[in-house]
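# Structural overview for review
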Amino acid sequence: MQLGIVGLGRMGANIGRRVMKAGHAVVGYDANADAVKALEVAPEGKAKAAISLQDLVQKLDAPRTVWVMLPAGGITEATITALGELLGEGDCIIDGGNAFFKDDIRRAKTLAEKGIAYLDVGTSGGVWGLERGYCMMIGGDKAAVDRLDPIFSALAPGAGGIAKTPNREQADPRVTEGYMHAGPAGAGHFVKMVHNGIEYGLMQAYAEGFDIMRGRAGDKLPEDERFDINVADVAEVWRRGSVVASWLLDLTAIALSKSERLDEFSGKVDDSGEGRWTVQAAVDEAVAAPVITAALYARFRSRIGNSFGEKLLSAMRKEFGGHVESAIPVRKAKDDDK
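Residues numbered from 1 in each chain as written. Predicted model: local features only at pLDDT ≥ 70, side-chain atom pairs only at ≥ 80, totals over all residues. Heavy atoms only, no water.

## With respect to the nonpolar core
Cut-off, in case you're wondering: In plain words, nonpolar cores are sets of buried Ala, Val, Leu, Ile, Met, Phe, Trp, Tyr and Cys residues tied together by side-chain atoms within 4.5 Å. Residue exposure (1.4 Å probe, protein chains only): buried if accessible area is under 20% of the type maximum, exposed if over 50%, otherwise partly exposed. Under the DSSP-based scheme used, a helix requires at least four consecutive residues in state H or I and a strand at least two consecutive residues in state E, with every element numbered from the N terminus. What makes two residues a contact is simply this: any of their non-hydrogen atoms within 4.5 Å.
Core analysis: the largest hydrophobic core is formed by 31 residues, its most contacted members being Trp-67, Ile-94, Leu-119, Val-121, Met-136, Phe-152 and Leu-155. Listing elements by their share of this core, those giving two or more residues are β1 (2–6), α1 (10–21), α2 (33–40), β5 (92–95), β6 (117–124), β7 (135–139), α7 (142–147) and α8 (149–155). If one sorts the elements of this core by residue count, α1 sits on top with five residues. What Leu-155 contacts, discounting residues up to four positions off in sequence, is Ile-15, Arg-18, Val-19, Trp-67, Gly-133, Tyr-134 and Met-136.

## A closer look at the pattern of salt bridges
We apply this condition: Just to be clear on terms, a salt bridge is a Lys or Arg side-chain nitrogen sitting within 4 Å of an Asp or Glu carboxyl oxygen.
Using the criterion set out here, one finds 21 salt bridges in the structure. Put simply, Glu-236 and Arg-239 hold a salt bridge, and the shortest N to O gap is 3.0 Å. With a relative accessible area of 28%, Glu-236 lands in the partly exposed category. Note that Glu-310 and Arg-301 form a salt bridge whose closest N and O atoms lie 2.5 Å from each other. For Glu-310, a relative accessible area of 7% corresponds to the buried category. The exposure class of Arg-301 is partly exposed, given its relative accessible area of 40%.

## Brief notes about the packing of helix α12 (residues 247–258) against helix α15 (residues 308–321)
What counts is decided by this rule: Here, axes are lines fitted to C-alpha atoms. For helices the fit covers the stretch in contact, and angles between N-to-C directions go from 0 to 180 degrees. Angular relationships are summarised with four words: roughly parallel below 35 degrees, roughly antiparallel beyond 145, roughly perpendicular across 65 to 115, and oblique for the angles in between. Three classes are used: nonpolar for Ala, Val, Leu, Ile, Met, Phe, Trp, Tyr, Cys and Pro, charged for Asp, Glu, Lys and Arg, and polar for all others, with Gly counted as polar.
Contact geometry for α12 and α15: axes closest at 9 Å, N-to-C directions at 110 degrees. Comparing the axis directions of α12 and α15 gives the class roughly perpendicular. Counted together, Leu-248, Leu-251, Thr-252, Ile-254, Ala-255, Leu-256 and Lys-258 of α12 and Phe-308, Leu-312, Ala-315, Met-316, Glu-319 and Phe-320 of α15 form the full contact between these two elements. Across the contact of α12 with α15, the residue classes tally to 10 nonpolar, one polar and two charged.

## A word on the confidence of the model for the chain
Note the threshold: Predictor confidence is given residue by residue as pLDDT, running from a minimum of 0 to a maximum of 100.
For the chain, mean pLDDT is 93; residues scoring 70 or higher make up 96% of the total. Contacts from residues 330–338, a stretch scored under 50 in pLDDT, to residues over four places away or in other chains number nine contacts.

## What to know about the sheet that holds β6
To keep things clear, this is the line we draw: For two strands to pair, DSSP has to find at least two bridges joining them.
Strand order across the open sheet formed by eight strands is β3-β2-β1-β4-β5-β6-β7-β8, with mixed pairing between neighbours. Each of the sheet's edge strands pairs with one partner strand only, and the pair in question is β3 (48–49) and β8 (179–183). Here β6 pairs with β7 via five bridges, running antiparallel. Within β7, the residue paired with Ser-124 across the bridge is Cys-135. Contacts from α1 reach β1, β2 (25–29), β4 (65–68) and β6 within the one sheet, and its direction differs from that of β1 by about 170 degrees. Together, β5, β6, β7 and β8 form the strand contacts of helix α10 (residues 187–214), whose direction differs from that of β6 by roughly 15 degrees.

Here it is, written out as structure tokens:
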């Protein structure tokens, strides 16, 4: 199959490389010409380069599919609007970023009037996706999802060595391959939004636990109750047989093996939007979500002063998504904040 990709950053370029590795053709466009050139010479296959959205559309054969992989917000909105003018009946636009699910519902209705399908694909895998594959939660029209199954199958991680869950013999087999049709427009990004909210809570629990262990050597404790615990070793041993083992813990172990004290991190932790949206959805539904809410507020608090645990949050974000700490304005703590 043929796939157009707009946005060749960390994930967009790797999505292109992975589908080319599976034998599909790619036409790529990015405002950064160097990113387009890099995909042209990727070892997985030679992509066609486009110099504009119009050029990209012209280089695709009907029915055309364009995957938009840009930051949520104005740039994605403008790009999808422009593509809606360039594409036609039978074509498809995919938003693989972290868009707000209500925006997907609106876009799908507008594009449907022109006969253009719209799929929202919550995409998890970060900078590791080229090697490991991408877990995908897909919202939109079933016919479009089914037509593009070869693309989603190529991007997905596959069943791998994960043991089968009992009593799923009659369930959708795509789920065990790492991708699912979650429902109509908006459902994919809604599931991914909650996924990221849960991620906030998991990360916060790890960060607090490791902070507690590291703080056990503090001189304010009785001398015989102080333990100088090697937290890098703890992360490593927990990876092996512990009930709290996870890929997130694997990445924590990698970060601590590089730098046990994490001195290169400030601990000022960004929130990219999904945690806030998840908390708002919980409010809308009157669902109690104290852990996710507290994890979100902990990120706000991190911009005042920082602990080892908050440095670990930053380190985890760098490991799974390549996120670099931004220059978040830090409010100086007042006496009543302490």
